[in-house]
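Residue strings, one per chain:
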Amino acid sequence: MLEFADVEAARDVVAETARETPLEHSNTFSKRTGADVHLKLENFQRTGSFKIRGATNKIAQLSEAERDRGVVTASAGNHAQGVALAATRAGVDSTIVMPEYAPISKINATREYGAEVVLHGVDYDAAAERAHEIEREEDRTYVHAFDDPAVMAGQGTIGLEIVDQCPDVDTVVVPIGGGGLISGIATAVKAQTDTRVIGVQAEGASSVAASLEKGEVVERDSVDTIADGIATRRVGDQTFEVIKERVDEVVTVTDPEIANAVVSLLERSKTLVEGAGGVPLAAVLEERFEYEEGETIVPALCGGNIDLNVLTTVIRRGLVERGRFLRVRTVLKDRPGALQDLVELLAENRTNIYAIEHDRASKDIAMNAAEVELDLETRGHEHALELLDAMEAAGYEVEVLV
């Protein structure tokens, strides 16, 4: 099993490529939760993610013969970039297999870091099958995304930094995909302090809770989450053993809750994270685990590589969760001034219109009517309810779409 000495040994190796990332106190989230919240900003890491740490440590341990043959791996994006950069800096040829639906920004970045990219399968696990085929066909060394002690040790250097930067930390909150990050951090933290370590998975990719309950690794049939960086069907065999021994609790959060955390970080802390990076803060904001007033909590924001198209969707979902966006449908009499009357009602209720669609040809309405669909900017849940009440009081039948 991974030991603290492995993480300590990785510190100097990792420092050759990765940077020490900031730990910043958040007044906003401390006031909102009652805890003393400090954000570990690993989204500021080179390549935008913690993965460069583990990749650097693993590649540094290759033999000369392994370096000559090159490496191969599978990744949804962040590990891909980490391996690509670490391999290129070490003069090692790399091939990365990524899911066909991986964010285009992550695919392009991986190629720019010097790797050959192969697109295969619908998720990480399918890409991993193809990567292992290439491993056998080309006699390359496989750099596992999480289930490798060298990789876990590299990721664990984050835990060393957290303890150095915040010696009084009570709880560290860490996202879990395959388990490499939390295995490393828990090993580093638990060896030095009595700090609690909480693991968080996206609800649509949660295999660890079931695995802990059964006492063995359980694999999901599929995954479905906006947190693509932790969208794995199963935790690693080696990481599972570390999690069982060193992680205090594992909880889950939903995609809307993740989206809300991402939007909150963007709006209040001016910090951009991807879905996986928002997962630990979501668990704190939604009180998925118990914590005391004033407890010092460090959510590890593990990455910031979010595709712009995904970001648009996440922001929209986050605004919906906070009552800041409303999409409605109603029917107007098809006569001059009917649409103007509706717009004036919205203005009277301090509502901004993002978009409006006016359809006279819908087969579901009367011949003398027009269907209107509106995207509206509201000021919160209370304001949204007030607006709906005002529309209904004015005689409009309103269907809430989002």
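Since we're looking at a predicted model, the values are computed, not measured. The numbers attached to residues start from 1 for each chain and follow its sequence in the written order. Totals for whole chains, interfaces and linings use every residue, but because this is a predicted model, local features are given only for residues with pLDDT of at least 70 and side-chain atom pairs only at 80 or more, for both listing and counting. To obtain the side-chain values, all non-hydrogen atoms of the structure were used and water was disregarded.

A. Structural context of the packing of helix α1 (residues 4-15) against helix α8 (residues 149-165). Interaxial distance between α1 and α8 falls to 8 Å at its minimum, and their mutual angle equals 90 degrees. Taken together, the axis directions place α1 and α8 in an arrangement best described as roughly perpendicular. Contact residues: α1 offers F4, D6, V7, E8, A10, R11 and V14, while α8 offers A153, G154, G156, T157, L160 and D164. By residue class, the composition of the contact of α1 with α8 is six nonpolar, three polar and four charged. Only the stretch in contact is used when a helix axis is fitted, and all axes are lines through C-alpha atoms; the angle between N-to-C directions ranges over 0 to 180 degrees. A helix here means a DSSP run of H or I that spans at least four residues, while a strand means a run of E at least two residues long, and both kinds are numbered starting from the N terminus. Relative orientations are named as follows: roughly parallel for angles under 35 degrees, roughly antiparallel for angles over 145 degrees, roughly perpendicular for angles from 65 to 115 degrees, and oblique for any other angle. Residue contacts follow a heavy-atom distance rule, with two residues in contact if any of their heavy atoms lie within 4.5 Å. Put simply, Ala, Val, Leu, Ile, Met, Phe, Trp, Tyr, Cys and Pro go in the nonpolar bin, Asp, Glu, Lys and Arg in the charged bin, and everything else, Gly too, in the polar bin.

B. Inspection of the pattern of salt bridges at higher detail. Each reported salt bridge corresponds to a side-chain nitrogen of Lys or Arg within 4 Å of a carboxyl oxygen of Asp or Glu. Applying the stated criterion across every chain, the model contains 30 salt bridges. For R140, the salt bridge is made with D93, and the minimal N-O distance between the two is 2.5 Å. Here D93 lies in the loop between α5 (78-90) and β4 (94-98) and R140 lies in the loop between α7 (124-138) and β6 (141-142), a separation of 47 residues in the sequence. Among the ionic contacts, a cluster of salt bridges with common partners joins K40, E42, R53 and E161.

C. Just a negative patch on the surface, in detail. Residues forming no salt bridge and having over 30% relative accessible area are the ones grouped into patches, like charges within 9 Å of each other and nonpolar side chains (Val, Leu, Ile, Met, Phe, Trp, Tyr) within 5 Å. Every accessible area reported is derived by Shrake-Rupley at a probe size of 1.4 Å, with residue values counting cover from the shown protein chains alone. In this tally Asp and Glu are treated as negative and Lys and Arg as positive; neither His nor the chain ends contributes. All charge positions are set by atom: Lys at NZ, Arg at CZ, Asp at CG, Glu at CD. On the surface, E382, E386, D389 and E392 cluster together into a patch of negative charge. On the accessibility criterion, E382 (61% relative accessible area) is exposed. Residue exposure (1.4 Å probe, protein chains only): buried if accessible area is under 20% of the type maximum, exposed if over 50%, otherwise partly exposed.

D. Examining the pairing of strand β3 (residues 71-74) more closely. Because side chains alternate across β3, one face comprises the buried residues V71 and T73, and the other comprises V72 and A74, equally buried. Pairing between two strands is assigned when DSSP locates at least 2 bridges connecting them. One ladder, built from four bridges, connects β3 with β4; its direction is parallel. Note that in β4 the partner of V71 across the bridge is S94. Pairing analysis gives two bridges linking β3 to β6, with the strands arranged parallel. Within the sheet, the bridge partner assigned to V72 lies in β6 and is Y142.

E. Focus on a positive patch on the surface. A contiguous patch of positive charge on the surface is contributed by K31, R32, R268 and K270. Within the element layout of this structure, K270 appears in the loop between α12 (255-268) and α13 (275-285).

F. Geometry of the sheet that holds strand β8 (residues 196-202). Pairing is mixed across the open sheet formed by six strands, whose spatial order is β1-β2-β10-β7-β8-β9. Bordering the open sheet on either side are β1 (23-25) and β9 (249-253), each of which pairs with just one other strand. Between one strand and the next, the sheet's axes are offset by a mean angle of 25 degrees, whatever the strand orientation. Across five bridges, β8 lies against β9 in parallel orientation.

G. The arrangement of the packing of aromatic side chains in detail. Classification of ring pairs rests on two measures: the distance between centres of Phe, Tyr or Trp rings, Trp counted by its six-membered ring, which must be within 6.5 Å, and the angle between planes, read as stacked under 30 degrees, edge-to-face over 60 and tilted in between. Per the stated rule, a full pass over the model turns up three aromatic pairs. Positioned over the ring face of F325 is R316, at 4.1 Å from the centre of the ring. For a ring to carry a charge above it, either NZ of a lysine or CZ of an arginine must fall within 6 Å of the ring centroid while also lying within 35 degrees of the normal to the ring plane.

H. A look at the layout of surface pockets. Only protein atoms enter the calculation, which uses a 1 Å grid: trapped sets of points that fit a 1.4 Å probe without letting it out are cavities, open sets showing protein on both sides within 12 Å along at least five of seven lines are pockets, and any residue with an atom within 4 Å of a point is a lining residue. Grid points are joined across faces, edges and corners, and a volume is the space filled by probe spheres set on the points. Considering only enclosed or pocket space, the largest pocket measures out at about 680 Å³ in volume. Around the largest pocket, the lining is made up of 35 residues, and of these A76, D228, G229, I230 and A231 lie nearest the centre. Listed by contribution, the elements that provide at least two residues to the lining of the largest pocket are α5 and α9 (180-190). Across the lining of the largest pocket, the residue classes break down as 20 nonpolar, eleven polar and four charged. Y124, D125, A128, H144 and R234 are the residues nearest the centre of the second largest pocket, which is lined by 15 residues in total. In terms of residue class, the lining of the second largest pocket is built from five nonpolar, four polar and six charged.

I. Here's a closer look at α1. Under the convention used throughout, the expected extent of a helix is 1.5 Å for every residue step, that is, one less than its residue count. Counted at 1.5 Å a residue, the expected span for α1 with its twelve residues is 16 Å, and the 17 Å between its end C-alpha atoms agrees. Those residues of α1 that sit buried are V7, A10 and V14. Angular distribution of buried residues about the axis of α1 spans 60 degrees; they occupy a single face of the element. Relative to its buried face, α1 has exposed residues pointing more than 90 degrees away, namely A5, A9 and D12. Where α1 is buried, its residues contact α3 (51-60), α8 and α9. The reported arc concerns the directions from the helix axis to the C-beta atoms and nothing else.

J. Fine view of the packing of α12 against helix α14 (residues 308-321). Close contact between α12 and α14 brings their axes to 8 Å; oriented N to C, the two are set at 100 degrees. When the axis of α12 is compared with that of α14, the two are roughly perpendicular. Packed against α12, whose contacting residues are D255, P256, A259, N260, V262, V263 and L266, the element α14 presents V314, I315, R317, G318 and E321 at the interface.

K. Geometry of the nonpolar core. Nine residue types can take part in a nonpolar core, namely buried Ala, Val, Leu, Ile, Met, Phe, Trp, Tyr and Cys, and a core is a set of them joined through side-chain atoms within 4.5 Å. Of all hydrophobic cores here, the largest spans 57 residues; its most connected members are V173, V200, I243 and F289. A per-element tally of this core places α13 first, with seven residues. Sequence-distant contacts of V200, defined by excluding residues within four places in its chain, comprise V173, V174, P175, I176, V251, V253, V279, P280 and A283. Among the nonpolar cores identified, the runner-up in size contains 30 residues, and V92, A102, V117 and V143 belong to it.

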